[in-house]
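If you want the building blocks of each chain, they are given just below.
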Amino acid sequence: MSVIAVRNIHKRFGNQDVLKGIDLSVAKGETVVLLGSSGSGKSTILRTLNLLDLPDEGDVFLHGNKLGQPRPDGTRRYREGELRSLRRRVGMVFQHFNLFPHLTVEENIMIGLRRVLNYSITQAREKARHHLHHVGLAEKALAFPDTLSGGQRQRVAIARALAMDPDVMLFDEATSALDPERVSEVLRTMRQLSQEGTTMVVVTHELGFAYNVADRVVFLHGGRILEQGTPTEILLHPTHAPTREFLHAHT
Ligand code: ADP
Ligand code: MG
């Protein structure tokens, strides 16, 4: 059964059809890489998976359960509690990590555990340290974010998301804002998570990562899934011209 899935998602912004019927289902332990040129709808898909963007049509499923209640016009209504619990189960890492500058690294991780999961200070600190260790930053627990490199800050953001024990992790161009020499440390951390069996949906232009880490590559074009398959199928033997052009532009 899928951890998270969307079926027939349509999304419009103004008069622009951004998603035109997206079906995507992510199995437990699977790493799905979403590729597509800028504006093809990748971020909107991720934001729909945790209902930060509400679809105009279509359904979102968590562990096979359809979310929301039907309305007469065919759309669905989502309760606050349902949205909160969904977002707690879906970890998200963005291009721009928003760590609180006035809190230490471990406090940045503890805050969600304290406020959302009601951990005690001791429990929260222990869990924060565990996850910092996991991303190779145990020694930075008491540092402030502005003393870290961009790559280290992004790994803290990953640790912060992981600390909530999400069922799936979404990465939206997590390395795009980093200095080139910092990209590989973050990709290495993401690869490690994938190998440990973390369920992941990754938007990236790093084709090496897609080739080496993805279980499945999905190519998006104009708000539709144009083709999908194994990394070998999509990256080495694409069957559609837009996929070939995209790969050509990114290698
Ligand atoms: P990608 O992540 O693949 O670059 P996005 O999902 O961010 O693409 O955006 C797809 C299209 O939807 C773009 O044309 C973008 O301008 C538009 N779009 C995304 N979010 C909004 C929004 N909140 N309001 C209006 N248009 C949006
Ligand atoms: Mg995007």
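The rules behind each value
- Residues numbered from 1 in each chain as written.
- Chains lettered and ligands numbered in written order.
- Predicted model: local features only at pLDDT ≥ 70, side-chain atom pairs only at ≥ 80, totals over all residues.
- Heavy atoms only, no water.
- UniProt positions renumbered as here; feature names shortened; annotations may be inferred.
- 1 Å grid on protein atoms, 1.4 Å probe; cavity = no way out; pocket = protein on both sides within 12 Å on 5 of 7 lines; lining within 4 Å.
- Points joined across faces, edges and corners; volume = space filled by probe spheres on them.
- Helix = DSSP H or I, 4+ residues; strand = E, 2+ residues; numbered from the N terminus.
- Nonpolar A, V, L, I, M, F, W, Y, C, P; charged D, E, K, R; others polar.
- Contact = heavy atoms within 4.5 Å.
- Pairing = 2+ DSSP bridges.
- Axes fitted to C-alpha atoms, helices over the stretch in contact; angles between N-to-C directions.
- Parallel < 35°, antiparallel > 145°, perpendicular 65-115°, else oblique.
- Left-handed = near helix turned anticlockwise from the far one by under 90°.
- Near = heavy atom within 4 Å.
- Polar contact = N/O pair within 3.5 Å; in protein donor to acceptor, adjacent residues only side chain to side chain.

- You'll find the chain entered in an unreviewed UniProt entry as Amino acid transporter ATP-binding protein, with Acetobacter malorum DSM 14337 given as the organism.
- As stated in UniProt under Subcellular location (unreviewed entry), the record for the chain gives "Cell membrane".
- As recorded by UniProt, the Sequence similarities (unreviewed entry) comment attached to the chain reads in full: "Belongs to the ABC transporter superfamily."

## Details of the layout of surface pockets
So, point 1. The computed volume of the largest pocket comes to approximately 840 Å³.
So, point 2. At the level of secondary structure, the elements contributing two or more residues to the lining of the largest pocket comprise helix 2 (80-89), strand 8 (90-93), helix 3 (105-115) and helix 5 (150-162).
So, point 3. Tallied by class, residues from the lining of the largest pocket come to 16 nonpolar, eight polar and five charged.

## A short note on the side chain of threonine 44
So, point 1. Positionally, threonine 44 belongs in helix 1 (residues 42-49).
So, point 2. The contacts of threonine 44, once residues within four sequence positions are left out, are Lys11, Phe13, Val18, Leu19 and Asp53.

## Examining the UniProt feature "domain: ABC transporter" (unreviewed entry) in the chain
So, point 1. Annotation from UniProt places "domain: ABC transporter" (unreviewed entry) at residues 4-247.
So, point 2. End C-alpha to end C-alpha, residues 4-247 measures 27 Å, and it is 38% helix and 26% strand.

## Quick look at empty space enclosed by the protein
A probe matching the size of a water molecule, rolled over the atoms, marks out where space remains unfilled.
So, point 1. A full pass over the atoms with the stated rule returns one cavity of 30 Å³ or more.
So, point 2. Volume-wise, the largest cavity comes out at about 30 Å³.
So, point 3. Around the largest cavity, the lining residues are Phe171, Glu173, Ala174, Thr175, Leu187, Met190, Val202, Val203 and Thr204.
So, point 4. For the lining of the largest cavity, the secondary-structure elements that each account for two or more residues are helix 6 (180-195) and strand 10 (200-203).
So, point 5. Among the residues making up the lining of the largest cavity, the classes are represented as six nonpolar, two polar and one charged.

## Description of the sheet that holds strand 9 (residues 168-172)
So, point 1. In space, the six strands of this open sheet follow the order 8-9-10-3-11-12, with mixed pairing throughout. Since the sheet does not close on itself, it has two edges, and those belong to strand 8 and strand 12 (224-229), each with one partner. Taken over all neighbouring pairs, the strand axes of this sheet differ in orientation by 20° on average, direction set aside.
So, point 2. Across the sheet, helix 9 (residues 241-249) lies against strand 3 (31-35), strand 11 (216-221) and strand 12, angled at about 105° from strand 11, the strand it touches most.

## Examining the sheet that holds strand 4 (residues 57-62)
So, point 1. Strands sit in the order 2-1-4-5 across an open sheet of four strands; the sheet is antiparallel. Looking at the sheet topology across the chains shown, the edges are occupied by strand 2 (16-27) and strand 5 (65-66).
So, point 2. Pairing analysis gives five bridges linking strand 1 (residues 2-13) to strand 4, with the strands arranged antiparallel. Each bridged residue has a counterpart across the sheet, and for histidine 10 the counterpart in strand 4 is glutamate 57.
So, point 3. Sheet strands in contact with helix 1 are strand 1, strand 2 and strand 4, and its direction is about 60° off that of strand 2.

## Focus: the pairing of strand 2
Each regular strand displays side chains that alternate between the two surfaces of the sheet.
So, point 1. For strand 1 and strand 2, the ladder comprises nine bridges, and the chain directions are antiparallel. Paired with isoleucine 9 across the strands is isoleucine 22, a residue of strand 2.
So, point 2. In this structure, the hairpin formed by strand 1 and strand 2 is closed by a connection of two residues, where glycine 14 is found at a positive phi of approximately 60°.

## Some details on the packing of helix 5 against helix 6
So, point 1. For the pair helix 5 and helix 6, interaxial distance at closest approach is 8 Å and the crossing angle is 20°. Compared by their axis directions, helix 5 and helix 6 come out roughly parallel. Here helix 5 and helix 6 pass one another in a crossing that is right-handed. Between helix 5 and helix 6, the residues in contact are Gly151, Gln152, Gln154, Arg155, Ile158 and Leu162 and Arg182, Glu185, Val186, Thr189, Met190 and Leu193, respectively.
So, point 2. Across the contact of helix 5 with helix 6, the residue classes break down as five nonpolar, four polar and three charged.

## Regarding the site of ligand 1
So, point 1. Close to ligand 1 lie Phe13, Gln16, Val18, Ser37, Ser38, Gly39, Ser40, Gly41, Lys42, Ser43 and Thr44.
So, point 2. Note that an oxygen atom of ligand 1 is positioned 2.5 Å from one of the side-chain N or O atoms of threonine 44.
So, point 3. Looking at the shell around ligand 1, the elements that each hand over two or more residues are strand 2 and helix 1.
So, point 4. The element that contributes the greatest number of residues to the shell around ligand 1 is helix 1, accounting for three residues.
So, point 5. Across the shell around ligand 1, the residue classes tally to two nonpolar, eight polar and one charged.

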